[in-house]
Every structure is written in C-alpha cells, then in structure tokens.
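# Structural overview for review
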Amino acid sequence: MIRLDDVALFVRSAALGSFSRAAREGDLLPGQVSAAVQRLERDLDKRLFVRSTRSLRLTAEGETYLPYAQELLALVQAGAESLQGNEEALQGELKVALPSDIGRNILLPVMTAFFKAHPGLSLRLSLSDQRSDMFRDPVDVAVRYGALDNSRYVALPLAADNRRVLAASPGYLQQHGEPQQLDDIPRHACLLYTLNGQAYDKWLFPGQGAPRQLTVNSRMLCDDADIARRWAVDGMGIVYKSWIDLSDDVLAGRLKVLLPDHPGEITPLHLICPHRKQFSPAIRQLHQCLSDHLKGIMAQMPVPALPDYGG
C-alpha cells in the first residue's frame with residue numbers, strides 16, 4: 001500500500017531537485033528520503049527519478065505522476081482544514097479570477113464585504129475575460145459562464161438559469177428604431193467583445209423550436225466585455241450579454257431589453273475550482289455569499305423561461 005509520507009517526500013524531492021535538500025527540510029537523513037522514494041517506485045512498479053551523482057530529475061513516468069501526487073496531498077490537507085475551519089475563523093490566501101464585467105460591477109462589492117468580514121483571509125484578485133487554467137495559473141477559484149470544460153474541475157452553481165439578453169439604450173432606440181424581430185438585429189449597430197481571443201459575433205437564440213443563430217458585424221470590438229456594455233449605455237448600439245451583467249443598467253433605465261419573447265442563450269454561472277478545493281471552508285462560505293447575492297438579481301430577469309426539451 002502506498003504511504004502518504006512517501007508521496008510527500010517524492011513531491012518535495014521533485015520540487016527541490018535533491019534527496020539531500022528534501023532530507024534537510026524534513027529533518028531526515030538522505031538515505032531515509034531515498035528509501036521512501038524507492039519504496040514508492042516499488043509500489044507503483046515505475047521508476048520516478050533518473051539519479052546520478054550530480055543531478056536528480058524526473059522520468060517521463062515521474063512527470064506524469066507528479067501532479068496526481070500533489071493533488072493527493074492537497075486533498076488530504078483540504079479535508080483536514082474542513083474539519084477544523086469555521087465561519088468565524090477563515091484564514092489563508094484565496095486567489096480568485098472573475099470575468100471583467102460581472103467582476104468589476106456586480107461581484108466586487110460582495111467580494112470586498114466578504115473579505116472585510118473575515119480579516120484572517122487575504123485576497124489575490126484577477127479580472128479578465130480570458131479563462132484561467134487552474135492547474136497552471138496561480139488561481140484557486142474562478143467565476144465562469146457556461147458549461148464545465150474540464151473533468152478535473154468541480155462547478156458549484158451560482159446562477160443556473162442565467163441567460164443572455166439583447167439590450168440597447170433609449171437614446172439609441174429613439175434614433176435608430178427598435179427591432180421588431182430577430183432578423184432586424186444584423187441591420188443595427190452591434191457591439192462585440194472577444195472571448196478567449198475570438199470575437200463573439202454569432203448570437204444564438206434557442207427559441208421555441210429550432211435554434212436561431214445570427215452572425216453580426218461591428219465596427220467596434222473590445223477584448224473587455226465591460227466596454228461593450230458601456231458602449232451600449234452610451235448609445236452606440238445593441239449588446240448581447242448576460243442578464244447579470246446588464247441587470248443594473250436595465251433596472252435603472254439606462255438600457256432596455258429587446259425582443260423579450262425570444263429568450264437568449266442560456267449562460268449558467270458557476271464557481272469553478274479543482275476538486276480538492278471544494279472542501280475549503282473559505283470557498284464554501286464564498287460560494288454561499290455569492291449565491292445569495294445573485295438570487296436577488298436573477299429574480300428580476302424579465303425574460304420567459306426556456307422550454308424544457310428534456311435531457
């Protein structure tokens with residue numbers, strides 16, 4: 001049976017590039033570390049390191065095994081923390097990635113209040129519409145729209161029924177007229193932004209039957225989705241964005257939802273984290289805080305529910 005201590009010494013040896021350094025760090029003899037790694041190699045029936053008198057490097061099998069070993073140790077640590085943590089004593093550092101618009105305009109005040117209420121926590125916040133790789137980038141959790149795209153992540157739902165809506169300012173509509181059907185949209189000024197480096201110019205509407213997809217053009221394009229919303233408020237054209245992103249502007253009268261009888265594309269919102277991170281007390285409490293705030297916003301979404309096709 002694989003020993004957890006052996007896995008830990010393998011991970012530290014890989015990080016430090018030396019059995020001797022790993023031994024000094026753990027107040028052990030170099031021979032004890034070497035023996036632990038050899039025992040792990042026997043258990044796995046694979047060689048994990050190429051050893052020489054001057055260097056220690058991972059084999060291809062060692063490179064493959066290392067992230068799983070790190071994940072195992074982190075999961076055990078997270079489980080221990082979940083038994084000891086409580087709402088009043090959250091501590092540690094939390095690295096969070098948020099989309100630009102919802103992060104800056106909807107969730108930032110909630111995040112600030114949460115961390116103000118838990119002074120033992122520290123925050124490293126990233127605002128970007130580029131998707132973070134949480135096994136490569138320095139990110140613990142991320143708020144994301146859309147479906148989960150990696151089985152090594154877990155998605156904690158924040159707003160499962162959220163969807164995109166068409167909207168424009170009263171000033172734009174007064175000058176250019178209000179579209180009466182979906183086919184009118186491409187003839188209007190449309191405001192675009194990029195998602196993961198690609199212009200989001202194919203607007204999908206599930207509808208009551210076959211889905212409709214509109215391909216739109218724009219003379220205004222930005223890599224920050226918050227700018228597209230601001231352009232719409234300034235009367236520059238029609239925007240197609242998440243209801244959560246546009247809710248404040250719609251409720252304040254700065255934007256008007258168009259064609260509400262044509263429900264937009266479903267865009268569920270999730271808190272994404274590696275599986276091991278979901279056990280963190282801080283993440284569980286943050287998820288609850290964000291969910292409670294978004295329930296009020298979702299309750300005011302003015303478009304009808306999508307039909308249930310089953311499956």
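Residues numbered from 1 in each chain as written. Predicted model: local features only at pLDDT ≥ 70, side-chain atom pairs only at ≥ 80, totals over all residues. Heavy atoms only, no water.

The chain carries the name LysR family transcriptional regulator in an unreviewed UniProt entry, which gives Chimaeribacter arupi as its organism. We quote the UniProt Sequence similarities (unreviewed entry) comment for the chain here in full: "Belongs to the LysR transcriptional regulatory family." (UniProt positions renumbered as here; feature names shortened; annotations may be inferred.)

### Considering the packing of helix H1 (residues 4–16) against helix H3 (residues 30–44)
It is at 9 Å that the axes of H1 and H3 come closest, and there the two elements cross at 110 degrees. Comparing the axis directions of H1 and H3 gives the class roughly perpendicular. In this structure, H1 crosses over H3, and the sense of that crossing is left-handed. For the pair formed by H1 and H3, the contact residues are Asp6, Val7, Leu9, Phe10 and Ser13 on the first element and Val33, Ala36, Val37, Arg39 and Leu40 on the second. Of the residues belonging to the contact of H1 with H3, the class tally is seven nonpolar, one polar and two charged. (Axes fitted to C-alpha atoms, helices over the stretch in contact; angles between N-to-C directions. Helix = DSSP H or I, 4+ residues; strand = E, 2+ residues; numbered from the N terminus. Parallel < 35°, antiparallel > 145°, perpendicular 65-115°, else oblique. Left-handed = near helix turned anticlockwise from the far one by under 90°. Contact = heavy atoms within 4.5 Å. Nonpolar A, V, L, I, M, F, W, Y, C, P; charged D, E, K, R; others polar.)

### Focus on the sheet that holds strand E12 (residues 221–222)
On the basis of which strands lie adjacent, the open sheet formed by three strands has the order E9-E8-E12 and mixed pairing. This sheet does not close on itself; its edge strands, each paired only once, are strand E9 (198–199) and E12. Summarising the sheet, strand E8 (residues 192–195) and E9 pair through two bridges and their orientation is antiparallel. Each bridged residue has a counterpart across the sheet, and for Leu195 the counterpart in E9 is Gln198. Where helix H7 (residues 225–233) meets the sheet, its contacts fall on E8 and E12, and the angle it forms with E8 comes to roughly 170 degrees. (Pairing = 2+ DSSP bridges.)

### Let's talk about the packing of helix H5 (residues 100–117) against H7
Here H5 crosses H7 at 65 degrees, and the two axes come no closer than 6 Å. Looking at the two axes, H5 sits roughly perpendicular to H7. For the pair formed by H5 and H7, the contact residues are Ser100, Asp101, Arg104 and Asn105 on the first element and Ala225, Asp226, Arg229 and Arg230 on the second. Looking at the contact of H5 with H7 residue by residue, the class counts come to one nonpolar, two polar and five charged.

### Considerations on the nonpolar core
One finds Leu166, Ile185, Trp203, Ile244, Leu269 and Leu290 to be the most contacted residues of the largest nonpolar core, which totals 64 residues. When residues of this core are assigned to domains, at least three fall in each of domain 2 (92–160 + 268–299) and domain 3 (163–265). Excluding its chain neighbours within four sequence positions, the residues that come into contact with Trp203 are Leu166, Ile185, Cys190, Leu191, Leu192, Arg212, Gln213, Leu214, Val216, Ile238, Val239 and Tyr240. Formed by 18 residues, the second largest nonpolar core is a distinct cluster that contains Leu9, Ala22, Tyr65 and Leu66. (Core = buried A, V, L, I, M, F, W, Y, C linked by side-chain atoms within 4.5 Å. Buried < 20%, exposed > 50% of the residue type's maximum accessible area, 1.4 Å probe, protein only. Domains from an automatic or database assignment.)

### Digging into the pattern of salt bridges
Tallied over the entire structure, the rule returns 20 salt bridges. With its nearest N and O atoms 3.8 Å apart, the salt bridge here joins Arg104 to Asp224. With Arg104 in helix H5 and Asp224 in the loop between E12 and H7, this pair connects stretches of sequence that are 120 residues apart. With a relative accessible area of 29%, Arg104 lands in the partly exposed category. For Asp224, a relative accessible area of 18% puts it in the buried group. Arg164 is the partner of Glu265 in a salt bridge, and the nearest nitrogen-oxygen pair spans 2.9 Å. Taken as a pair, Glu265 in the loop between strand E14 (256–258) and strand E15 (269–274) and Arg164 in strand E7 (residues 164–168) lie far apart in primary sequence, 101 residues in all. (Salt bridge = Lys/Arg side-chain N within 4 Å of Asp/Glu carboxyl O.)

### Considering the side chain of Ser169
Looking at the element boundaries, Ser169 is found in the loop between E7 and helix H6 (170–176). Setting aside its immediate chain neighbours within four residues, Ser169 contacts Ala232, Val233, Gly235, Arg254 and Leu255.

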